[in-house]
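Examining the three-dimensional arrangement
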Amino acid sequence: MSGERPRAGRVVRTLRVELGDRSYPIKLGVDTLAGVGTAIARCAPSNRALVVSVPPVSRRYGGVLQRSLRAAGYRVHRVLVPDGEATKNPRQLSKLWDELIRVGADRNTPVVALGGGMVGDLAGFAAASYLRGVPFIQIPTTILAMVDASIGGKVAVNLPQGKNLVGAFHQPRLVWIDTATLRSLPVRQRAAGFAEVVKAAAIWDSKFFERLERDAEGLLELDPKLLIPTLARACAIKAEVVSRDERETDLRQILNFGHTIAHAIEKLGRYRGLLHGEAVAIGMLVAARKSEQLGLSPAGTAERIRSLLLRFGLPSELPNHPRKAYLDALRVDKKMANSKIRFVALRGIGRAETVPLTPREILPASR
Ligand SMILES: NC(=O)c1ccc[n+]([C@@H]2O[C@H](COP(=O)([O-])OP(=O)(O)OC[C@H]3O[C@@H](n4cnc5c(N)ncnc54)[C@H](O)[C@@H]3O)[C@@H](O)[C@H]2O)c1
Ligand SMILES: [Zn+2]
């Protein structure tokens, strides 16, 4: 990693998600929001733009974004949706469609998501569906959204029957990461985001994992000279996996490392208990232990993951529900095929593969 302190106001890293004529850049920097309008004008020229955000984010960063868009020639329309995962629903989606019609959006009008993964998924689905698809820009403001949700084009809303049940693939034209926005992110949300960073390293890059082991505390404190290269590497891993398998037929499944169990934990907690990243942390640990038991990864792998997650302030214990409840929750996991789940196991730090396992095989009998 470079030892230079990144210069404020400038994009210091540009990555590309390679998807043929739908390829797009991910641009990282510190305090760069004032420059985003020009970048959007380059990839989504239009005379107007719709910005979608939530109050806690808009209050802090909406003004500078709006000025930047105006300076680049856009008339800016802003829609605030209520904060929280419950907002990612069809009713809010339909409100965004109403708003797009009301402001006279045409097929060139970009929808700009300013916020975490919730805003990105909701605004992205509005962009995917309005007029069968309008330009979409991601300005993620959580770590989770920066390294995960904003890359790869999956957009969706939740239904009462389950999360992300209605959605689409709609790639953004640009992902704009300004790490200065993370300073206002609550510490617990920060840590949860780092769970996905640890995931990226664990499935793909052992050297990166070693750097996380070296830098965990500095990263939690958002030290910019550590943060930018770390987020960039995590983004690059997601970008590479998505470029090779956009529609999750095969390789992209390894991004679900820790997620089979995480989804069960979230479901049993009725989505009000642990944060997604916290559930993923526990799920990764269970999966890593299972990988050792299966003889796929060397002894000590799970312990390395556990101690790194702990340093990020993440939990490691499965919430206390009966084993049967976990098994039931796993059985209706949507990734289940013929009663076996495509479980993501590690072959040591830095390599993952899927193994078909039944819920009983995944969850150890005694805990
Ligand atoms: N599309 C994908 O591939 C993908 C991948 C992973 C997760 N997701 C989705 O992402 C969502 C979770 O994303 P998330 O963890 O970012 O949650 P989130 O969007 O709900 O944000 C978490 C909280 O942080 C606040 N916040 C966001 N940025 C802030 C900032 N800079 N300063 C202060 N507060 C800030 C938000 O207002 C919210 O209260 C879920 O809906 C999940 O399904 C999608
Ligand atoms: Zn996740």
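So, a few notes on the structure that sits alongside this text. (Residues numbered from 1 in each chain as written. Chains lettered and ligands numbered in written order. Predicted model: local features only at pLDDT ≥ 70, side-chain atom pairs only at ≥ 80, totals over all residues. Heavy atoms only, no water.)

1. Some details on the pairing of strand β5 (residues 111-115)
Selection rule: Type-normalised accessible area, obtained with a 1.4 Å probe on protein chains alone, sets the label of each residue: buried when under 20%, exposed when over 50%, and partly exposed for intermediate values. Think of it this way: any DSSP run of H or I at least four residues long counts as a helix, any run of E at least two long counts as a strand, and we number them from the N terminus. Strand pairing is assigned whenever DSSP detects at least two bridges linking the two strands.
For β5, the buried fraction is high: five of the five residues fall into the buried class. Burial of the side chains of β5 extends over both faces: Val 111, Ala 113 and Gly 115 are buried on one face and Val 112 and Leu 114 on the other. Of the strand pairs in this sheet, strand β3 (residues 48-53) and β5 are connected by four bridges, and their pairing is parallel. By the bridge assignment, Val 51 is partnered in β5 with Val 112.

2. Quick look at the site of ligand 1
Stated precisely, the cut-off is as follows: By convention in these notes, a residue is near a molecule or strand provided one of its non-hydrogen atoms lies within 4 Å of it. The definition of a polar contact used here is a pair of N or O atoms within 3.5 Å, where within protein one atom must be able to donate a hydrogen and the other to accept one, and adjacent residues in sequence count solely through side-chain atom pairs. Here the open area of atoms and residues is found with the Shrake-Rupley method and a 1.4 Å probe, where only the protein chains shown may cover a residue.
Close contacts around ligand 1 come from 26 residues, with Asp 83, Glu 85, Thr 141, Thr 142 and Ser 184 the closest. Note that a nitrogen atom of ligand 1 is positioned 2.7 Å from one of the side-chain N or O atoms of Thr 141. Within the side chain of Thr 142, an N or O atom sits 2.7 Å from an oxygen atom of ligand 1. In the complex, the protein chains occlude 86% of the 860 Å² of accessible area that ligand 1 would expose alone. Elements supplying a minimum of two residues to the shell around ligand 1: α2 (55-71), α4 (117-129), α5 (143-149) and β8 (162-169).

3. Re the coordination of the zinc ion (ligand 2)
Six octahedral donors around a metal ideally make angles of 90 or 180 degrees; four tetrahedral donors ideally make 109.5 degrees. Worth spelling out the cut-off: Donor atoms (N, O, S) are those found within 2.8 Å of the metal centre, with the cutoff raised to 3.2 Å for Na, K and Ca; water is not part of the atom list, so apparent gaps in a site can occur.
At the metal site, the zinc ion (ligand 2) is ligated by Glu 196 (OE), His 259 (NE2) and His 276 (NE2), and these contacts range over 2.0 to 2.1 Å. Counting along the primary sequence, the residues that act as donors to the zinc ion (ligand 2) give the motif E-x62-H-x16-H. Of the two residues, Glu 196 is situated in helix α6 (residues 187-204) and His 259 in helix α9 (residues 259-268); the sequence distance between them amounts to 63 residues. Residues Glu 196 and His 259 agree in their burial class; the two are buried.

4. Focus on the packing of aromatic side chains
To keep it simple, the criterion reads: The rule is short: rings of Phe, Tyr and Trp, with Trp giving its six-membered ring, pair when the centres are within 6.5 Å, and they are stacked under 30 degrees, edge-to-face over 60, tilted in between.
Tallied over the entire structure, the rule returns one aromatic pair. Residues Phe 194 and Phe 312 carry aromatic rings whose centres are separated by 4.8 Å and whose planes lie at 15 degrees to one another, so their mutual orientation is stacked. In this pair, Phe 194 sits in helix α6 while Phe 312 sits in the loop between α11 (301-311) and α12 (323-331), placing the two residues 118 residues apart along the sequence. Looking at Phe 194, the relative accessible area reads 0%, which means it is buried.

5. Side note on unusual backbone geometry
Positive phi outside glycine occurs at Arg 132, with the angle close to 60 degrees. Here Arg 132 is to be found in the loop between α4 and β6 (136-140). By relative accessible area, Arg 132 is classed as exposed at 82%. In the Ramachandran plot, Glu 248 falls in the positive-phi region, its phi being about 55 degrees despite a non-glycine side chain. Position of Glu 248 relative to the elements: it lies in the loop between α8 (224-244) and α9. Of the residues examined, Glu 248 reaches a relative accessible area of 17% and is grouped as buried.

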